[in-house]
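# Remarks on the overall topology
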Amino acid sequence: MTRVKICGVTTREDLGAVVEAGADAIGLTVDVPVETPREIDAERAADIVSATPPFVTTVLVTMPDPPASAVGLAERVGPDVVQVHGDSTPDDIASLSADLDARVVVAVSPDDAPRYDTVADALLVDSLDESGAGGTGSTHDWERTRELVSELASPVVLAGGLTPENVAGAVETVDPFAVDVASGVEGRPGRKDPAAVEAFVRRAGGRP
């Protein structure tokens, strides 16, 4: 069954809506050099992590520069997983995986994904901008990502332009380990729409 991560959670209220909808994971965006309404500081992220119930995975989403700086940030926030964006090399990611207590997910484009296979715990295949940031709201070639699911040893998380309206088709086409959404379930920038979150989780699981 495809797992669901709701990214860009900024408040305890939105955390409650995401948990109530049955999502498997939440994403907390901290210390990124791009303009986004989903960024929060480390203290708020740590507070949301502390409020997250058992069996819901907490994911710190960051663009560390240098990559090793993610270690100190993760110690402050206390997530289960660190999701790394930016221009980190495969060697950087392998080093982080060795130094972090948390699991590591790296965001990659479909073309770059094979270079990072097995150096992280999972690959988040996204529509990235030139800086390596996600959250573009654009889809990419799902057929190509389906090939990656078959070719790579690492679990593949599908992201980029997903919404309640298209996630069922995305899951059917790609068959990913998980799907990841941020802006596609927002009522306004940086705040989740509980009805959209519920619909996304339900349809990602193959329910109408």
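Preceding this paragraph is the structure being described.
Residues numbered from 1 in each chain as written. Predicted model: local features only at pLDDT ≥ 70, side-chain atom pairs only at ≥ 80, totals over all residues. Heavy atoms only, no water.

### Quick look at the sheet that holds strand β3 (residues 57-62)
Filter applied, for reference: Pairing between strands is defined by DSSP: at least two bridges between them are needed. Each helix is a run of DSSP H or I of at least 4 residues and each strand a run of E of at least 2, with the numbering of both proceeding from the N terminus. For helices, the fitted axis covers only the stretch in contact; all axes are lines through C-alpha atoms, and the angles between them, taken along N-to-C directions, range from 0 to 180 degrees. Any two residues whose heavy atoms approach within 4.5 Å at even a single point are treated as in contact.
Strand order in this closed barrel of eight strands is β1-β2-β3-β4-β5-β6-β7-β8, and the pairing throughout is parallel. Here the strands of the sheet are splayed against their neighbours by 25 degrees on average, with no regard to which way each runs. When strand β2 (residues 25-29) meets β3, the two strands line up parallel, connected through five bridges. Looking at the pairing, threonine 29 lines up with valine 61 of β3. Where helix α4 (residues 90-99) meets the sheet, its contacts fall on β4 (81-84) and β5 (103-108), and the angle it forms with β5 comes to roughly 160 degrees.

### Focus on the environment of serine 154
Stated precisely, the cut-off is as follows: Exposed residues in this analysis have more than 50% of their type's maximum accessible area, buried residues have under 20%, and partly exposed residues fall in between, with area computed by a 1.4 Å probe over protein chains only. Contacts described as polar in this section are N or O atom pairs within 3.5 Å, which, within protein, must combine one atom able to donate a hydrogen with one able to accept it, while residues neighboring in sequence count only if both atoms come from side chains.
Turning to its location among the elements, serine 154 is positioned in the loop between α5 (142-151) and β7 (156-158). Residue classification places serine 154 among the buried positions, given a relative accessible area of 6%. Note: C-alpha distance between serine 154 and valine 81 (73 residues apart in sequence) is 15 Å. Those residues in contact with serine 154, other than ones at most four positions away along the chain, are Asp117, Thr118, Ala120 and Leu123. Here the side chain of serine 154 touches threonine 118 through a polar contact of 2.8 Å, landing on its backbone nitrogen.

### Some remarks on the pattern of salt bridges
Pairing of side chains with opposite charge becomes possible as their charged atoms draw close. Put simply, the rule is: Salt bridges are defined as contacts in which a side-chain nitrogen from Lys or Arg sits within 4 Å of a carboxyl oxygen from Asp or Glu.
Evaluation of the coordinates by the stated rule reveals twelve salt bridges. With a shortest N-O distance of 2.8 Å, aspartate 47 and arginine 12 are connected by a salt bridge. Of this pair, aspartate 47 sits in helix α2 (residues 42-51) while arginine 12 sits in helix α1 (residues 12-21), and the two are 35 residues apart along the sequence. In this structure arginine 12 comes out as partly exposed when scored by relative accessible area, which is 47%. A salt bridge links arginine 103 to aspartate 121; its shortest N-O distance comes to 3.9 Å. Note that arginine 103 is positioned in strand β5 and aspartate 121 in the loop between β5 and β6 (122-125), a separation of 18 residues in sequence.

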